[in-house]
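Topology and contacts: notes
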Amino acid sequence: MPRFYLQIVCVFAFLLTCGWHGSVGHAQHRRTLTEEFRVHRDFRSKFLSNGRDIVVWLPPGYDSQPSKHYPVLYMQDGGDVFVSLRIDEIAKPLIASEQIEPLIIVMISIGGTLNDRFDEYTPTRDASGKGGKADFYGRMLVEELKPFIDSEYRTRTDAANTGLGGFSLGGLASLYLGLKHPTVFGKLAVMSPSVWWDNKLIVRNVKALASKPATRIWLDIGTDEGPTQVGGVKDLRDALVKKAWILNSDLMYFEAKGGRHDLLSFAKRTGPMLKYLFAQPPNGQ
């Protein structure tokens, strides 16, 4: 297992360098770590050739309530989720106002270059032979990273308390792997997914499901992402509904007016996503 690092005043620039490159730009490349974060550098897998850095955000009260266990959200493109999207800053006020329950967020950087990201987040190869390592990436998540996180932190380990999420190709990977491992991931954040991949492979996968798993899904798209992207996500929504997911119940479909395929747009939808997937239970427990 990788060594454990707690860094208080440290600049973590590597993650963003290897993360999502959308149209929002990268004016902010660095972020100082605080005591809320734990960093596991160069996490290694027997299924993938490249190591990756893992940033874990612990919610307020984690250290002062040693008997409490927490749900977990695993996020792809961890560098951008940490540095640009700043998901912890979105989650903290929602936790403080009891709109969502306290949760642990695990931010998984890509392993290597953008080409490696492309490979790891896609289930099949394209015509040029690129892609197709999502199953190996999934084995890393299920067989190595999740057991490690569960051993190091006070997590609720069941599927109902374990989420997987991402945007663009990360959204595609999250849905693909979530449907493949429904006993591991019971909550999915599928943000502007790349439905176009392999002639809408993910839509075909949904249609081919033998039975509907007990999976809660957030699915979104920005209206300014282009007619092909919007149309593909609507096709995915319709396929999920035909497999017995119920809109506004265990499937939330959200169209962001004016939303584009960039980190700024994804950030605006992160709060609603968290409120849907990790709503504070009525009894506050």
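Let us look at the structure shown here. Since the model is a prediction, treat every value here as computed from it, not as a measurement. (Residues numbered from 1 in each chain as written. Predicted model: local features only at pLDDT ≥ 70, side-chain atom pairs only at ≥ 80, totals over all residues. Heavy atoms only, no water.)

To continue, consider the sheet that holds strand β1 (residues 37-43). If you trace the 8 strands from one edge of the open sheet to the other, you get β1-β2-β4-β3-β5-β6-β7-β8, paired in mixed fashion. Lying at the two open borders of the sheet, with one neighbouring strand each, are β1 and β8 (251-256). Averaged over all pairs of adjacent strands, the angle between strand axes in this sheet comes to 15°, irrespective of strand direction. For strand β6 (residues 187-191) and strand β7 (residues 216-222), the ladder comprises 5 bridges, and the chain directions are parallel. Note on β7: the bridge partner recorded for A189 is W218. Its contacts with the sheet place helix α8 (residues 227-242) against β7 and β8, and it is angled at close to 160° to β7. In this fold helix α9 (residues 263-277) packs onto β3 (72-75), β5 (162-167), β6, β7 and β8, with an angle of close to 155° to the strand it touches most, β7. (Pairing = 2+ DSSP bridges. Helix = DSSP H or I, 4+ residues; strand = E, 2+ residues; numbered from the N terminus. Axes fitted to C-alpha atoms, helices over the stretch in contact; angles between N-to-C directions. Contact = heavy atoms within 4.5 Å.)

This next bit is on the side chain of K187. You can see K187 is positioned in strand β6. Although buried, K187 forms no salt bridge, and the nearest oppositely charged side chain, E101, lies 5.3 Å from it. A distance of 2.8 Å separates a polar side-chain atom of K187 from the backbone oxygen of L277. Those residues within four positions of K187 in sequence are excluded, and the remaining contacts are A159, A160, N161, T162, G163, L164, R216, L277 and F278. (Buried < 20%, exposed > 50% of the residue type's maximum accessible area, 1.4 Å probe, protein only. Lys, Arg positive; Asp, Glu negative; His and termini not counted. Salt bridge = Lys/Arg side-chain N within 4 Å of Asp/Glu carboxyl O. Polar contact = N/O pair within 3.5 Å; in protein donor to acceptor, adjacent residues only side chain to side chain.)

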